[in-house]
Amino acid sequence: MQENHVTTGATVWLTGLPSAGKTTIAYELAGRLRDEGHLVEVLDGDEIREFLSAGLGFSREDRHTNVQRVGFLAELLARNGVKALVPVIAPYADSRDAVRTRHRESGSAYLEVHVATPVEVCSERDVKGLYAKQAAGELSGLTGVDDPYEEPDAPDLRIESQHQTVRESAAAVHALLTERGLA
Ligand SMILES: Nc1ncnc2c1ncn2[C@@H]1O[C@H](COP(=O)(O)OP(=O)(O)O)[C@@H](O)[C@H]1O
Ligand SMILES: [Mg+2]
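Numbering of residues begins from 1 in every chain and follows the order in which that chain's sequence is written. Going through the entries in the order they are written, you letter the chains from A and number the ligands from 1. Totals for whole chains, interfaces and linings use every residue, but because this is a predicted model, local features are given only for residues with pLDDT of at least 70 and side-chain atom pairs only at 80 or more, for both listing and counting. Excluding hydrogens and water, the side-chain figures rest on all heavy atoms present in the structure.

If you check an unreviewed UniProt entry, the protein chain appears there as Adenylyl-sulfate kinase from Streptomyces doudnae. UniProt positions are given in the numbering used here, feature names are shortened, and annotations may be inferred rather than shown by experiment. Taken from UniProt, the Sequence similarities (unreviewed entry) comment for the protein chain reads in full: "Belongs to the APS kinase family." Under the heading Catalytic activity (unreviewed entry), UniProt records this for the protein chain: "adenosine 5'-phosphosulfate + ATP = 3'-phosphoadenylyl sulfate + ADP + H(+)".

Student: Looking at this structure, how should I read helix α1 (residues 22–35)?
Tutor: For the α-helix, the turn length of 3.6 residues means that residues three or four positions removed from each other point alike. A run of DSSP states H or I qualifies as a helix once it reaches four residues; a run of E qualifies as a strand once it reaches two. Both are numbered from the N-terminal end. Here the expected length of a helix is defined as 1.5 Å per residue gap, with one fewer gap than residues. With 14 residues, α1 extends 20 Å between its outermost C-alpha atoms, agreeing within 8% with the 20 Å of an ideal straight helix rising 1.5 Å per residue. For α1, the set of buried residues is Lys-22, Ile-25, Ala-26, Leu-29, Ala-30 and Leu-33. One side of α1 carries all its buried residues, which in axial view fall inside an arc of 135 degrees. Buried residues along α1 sit in contact with β1 (10–15), β2 (39–42), β3 (82–87), β4 (110–115), β5 (157–159) and α7 (166–179). A simple rule labels every residue: compare its accessible area, found with a 1.4 Å probe on the protein chains alone, to the largest value its type can have, and call it buried under 20%, exposed over 50%, or partly exposed in between. The directions from the helix axis to the C-beta atoms are what the arc is built from. Contact criterion: two residues are considered in contact whenever any of their non-hydrogen atoms come within 4.5 Å of each other.

Student: I'm lost on the UniProt feature "domain: APS kinase" (unreviewed entry) in the protein chain in this one. Help?
Tutor: Here, the residues flagged by UniProt with the feature "domain: APS kinase" (unreviewed entry) are residues 9–159. Helix makes up 44% of residues 9–159 and strand 17%, whereas the separation of the span's terminal C-alpha atoms amounts to 22 Å.

Student: Would you explain the UniProt feature "binding site: ATP" (unreviewed entry) in the protein chain in this entry?
Tutor: Feature annotation in UniProt places "binding site: ATP" (unreviewed entry) on Gly-16, Leu-17, Pro-18, Ser-19, Ala-20, Gly-21, Lys-22 and Thr-23, given in this structure's numbering. As for the annotated residues named above, the ones lining the largest pocket are Pro-18, Ser-19, Ala-20, Gly-21, Lys-22 and Thr-23. Judged by its relative accessible area of 0%, Gly-16 is buried. Beyond its immediate stretch of four places on either side in the chain, Gly-16 contacts Lys-22, Ile-89, His-114, Val-115 and Tyr-149. Residue placement: Lys-22 occurs in helix α1. Apart from the residues lying within four places of it in its own chain, the contact partners of Lys-22 are Leu-14, Thr-15, Gly-16, Leu-17, Pro-87, Val-88, Ile-89 and Val-115. Side-chain atoms alone can form a polar contact between residues adjacent in sequence; in general such a contact is a pair of N or O atoms within 3.5 Å, and within protein one must be able to donate a hydrogen while the other accepts it. Side-chain polar atoms of Lys-22 contact the backbone oxygen of Gly-16, separated by 3.3 Å. For each structure, a 1 Å grid was placed over the protein atoms alone; sets of points admitting a 1.4 Å probe that cannot get out are labelled cavities, open sets with protein on both sides within 12 Å along at least five of seven lines are labelled pockets, and lining residues have an atom within 4 Å of a point.

What follows is the structure, given as structure tokens:
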């Protein structure tokens, strides 16, 4: 830990399809921000589901509840000077809007980043084998395939990860933070 921490808190929510690049970009950005002295926490969807949201499934209601829990936690961190990086699918616009509203009402900075990798590229990457399982009929309710993904209308940033490196994608989010006076 460095002595002089940067304590401008903010939540950066990375929304997008499975294998879009949310987690990868979040950890790349986290490393860079830590090097610069920021307090950083990554609230990754998979870890969250193992602990904070253990027991929740993938129905519309449970997905909404999951996003509200993560949003609550991210806002607490942001309010206390932490960059909360949140690589969580968050497929429903109303869930994301509720999180944004919570931040606004609490005076915490909130940025929505749409990792807008096309489903064809995501299913080609298939980091966790979910697209293959869905195609084989071993899994249903896969976001973007046979479960809804409501694209953000007005994200603070849209990333086309299929056209850039991980470093470039993370740099784009970093540039946004800088532009907003948060980094
Ligand atoms: N510009 C990029 N940004 C993020 N990931 C990328 C990019 N280009 C290629 N990838 C690759 O895409 C995959 C994304 O996986 P992951 O980050 O786990 O996705 P998600 O968390 O959205 O499900 C990784 O294997 C990563 O190396
Ligand atoms: Mg992930």
